[in-house]
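Structural overview
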Amino acid sequence: DQQVKQNSPSLSVQEGRISILNCDYTNSMFDYFLWYKKYPAEGPTFLISISSIKDKNEDGRFTVFLNKSAKHLSLHIVPSQPGDSAVYFCAAVAQGGSEKLVFGKGMKLTVNP
Amino acid sequence: DTGVSQDPRHKITKRGQNVTFRCDPISEHNRLYWYRQTLGQGPEFLTYFQNEAQLEKSRLLSDRFSAERPKGSFSTLEIQRTEQGDSAMYLCASSFSSGGDTEAFFGQGTRLTVV
């Protein structure tokens, strides 16, 4: 059973426009959420995170929104740049214990010049 | 410290052979994780260490898999009698747990191909 779902496998946007990547989760015990970016043949790179006590976290061009009641989070990238083209993974953690990451399947973002 | 380091980057082995991978975490990190990623999937948790103690193992980790973290520093992941289904990217991550929100940092992975 997929506890973290990224239902859209891919997204294509024009350079300069906004990219919105969505993620849904089912486990109410998750209380910390992260986005990772991955290029081919490399490991995931941490991008931004949000704790369940917040509904928004911003870092430069990247903003993550959390809607706990809907068990939904989204990553906004604005403006999108060609270098943002990669696979983006949403991950969730239930803090305390191992704090292992539970990942979605990923979404491939393509930013066209 | 340049981050989490994994060796080798690529490994091709014949079915039935044993393989061992190494991970060197970020030096001050007390937690170390192994994940496995197959095509079209996100990374899946395999096991985790807090210092030198292996505290959790996934059901994905069959008895052909063993991991160690002697002295709470580097870690090794060994797969015995490899099968074609073991072909995947094996990822190591480390983090420092202090009770607050903390992110895990990943190495570049070891790509295993079993032929």
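Residues numbered from 1 in each chain as written. Chains lettered and ligands numbered in written order. Predicted model: local features only at pLDDT ≥ 70, side-chain atom pairs only at ≥ 80, totals over all residues. Heavy atoms only, no water.

**Description of the overall build of chain B**
Our working rule: Runs of H or I in DSSP of at least four residues are treated as helices and runs of E of at least two as strands, each being numbered from the N terminus. Values of the radius of gyration come from C-alpha atoms, whereas the globule rule sets the reference at 2.2 Å times the count of residues to the power 0.38. Under the scheme applied here, a residue whose accessible area is under 20% of the maximum for its type counts as buried, over 50% as exposed, and between as partly exposed, the area being computed with a 1.4 Å probe on protein chains only. Residues count as neighbours in contact if any of their non-hydrogen atoms are within 4.5 Å of one another. Per-residue and other accessible areas follow the Shrake-Rupley method at a 1.4 Å probe size, with only the shown protein chains counted as cover for residues. In this tally, Lys and Arg are treated as positive and Asp and Glu as negative; His is ignored, and so are the chain termini. To locate a charge, take NZ of a lysine, CZ of an arginine, CG of an aspartate or CD of a glutamate.
Across its full length, chain B holds zero helices and eleven strands. Walking chain B from its N terminus toward its C terminus, one meets helices and strands in the order β-β-β-β-β-β-β-β-β-β-β. A compact globule built from 115 residues should have a C-alpha radius of gyration of about 13 Å, and chain B, at 14 Å, falls within 12% of that. Counting only C-alpha atoms, chain B reaches 40 × 25 × 25 Å along its principal axes. When each of the 115 residues of chain B is scored for burial, the buried share is 47%. Expressed as a percentage of contacts within chain B between residues at least 6 apart in sequence, the contacts between residues at least 24 apart total 53%. In the form shown here, chain B has an accessible surface area of approximately 5,800 Å², with 44% of it arising from carbon and sulfur atoms. Looking at chain B, you have 14 positive and 14 negative side-chain charges, and the mean spots of the two groups are 8 Å apart.

**Let's talk about the pattern of salt bridges**
Residue and element names in this part refer to chain B. So the rule is basically this: When a carboxyl oxygen of Asp or Glu lies within 4 Å of a side-chain nitrogen of Lys or Arg, that pair is called a salt bridge.
Under the criterion given, the structure shown has seven salt bridges over all chains. Its salt-bridge partner being Asp86, residue Arg64 comes within 2.8 Å of it at the nearest N-O pair. Of this pair, Arg64 sits in the loop between strand S6 (53–57) and strand S7 (65–68) while Asp86 sits in the loop between strand S8 (75–79) and strand S9 (88–95); the two residues are 22 residues apart in sequence, bridging distant segments of the chain. Accessibility assignment for this pair places Arg64 and Asp86 in one class, buried. Overlapping salt bridges, with partners in common, bring together Arg64, Glu83 and Asp86 in one network.

**Focus: the interface of chain A and chain B**
You'll often see interface size given as the accessible area lost when the parts meet. Note the cut-off: When two components associate, each loses some accessible surface as probed by a 1.4 Å sphere; the sum of these losses over both components is called the buried area. We define a polar contact as two N or O atoms separated by no more than 3.5 Å, with the added condition that, inside protein, one atom must be a possible hydrogen donor and the other a possible acceptor, whereas residues neighbouring each other in sequence contribute only through side-chain atom pairs. By the convention adopted, Pro, Cys, Tyr, Trp, Phe, Met, Ile, Leu, Val and Ala count as nonpolar, Lys, Arg, Asp and Glu as charged, and the other residues, Gly among them, as polar.
Listed as interface residues are 20 residues of chain A and, on the opposing side, 23 residues of chain B. Of the roughly 1,800 Å² buried between chain A and chain B on both sides combined, carbon and sulfur atoms contribute 52%. It is A:Ser98, A:Glu99 and A:Lys100 that lose the most area in chain A upon contact with chain B, and together they represent 25% of the buried surface on that side. The interface formed by chain A and chain B includes two salt bridges. Taken together, the links from chain A to chain B amount to four residue pairs in polar contact (both at pLDDT 80 or more). Within the side of chain A that touches chain B, the residues separate by chemical class into nine nonpolar, six polar and five charged.

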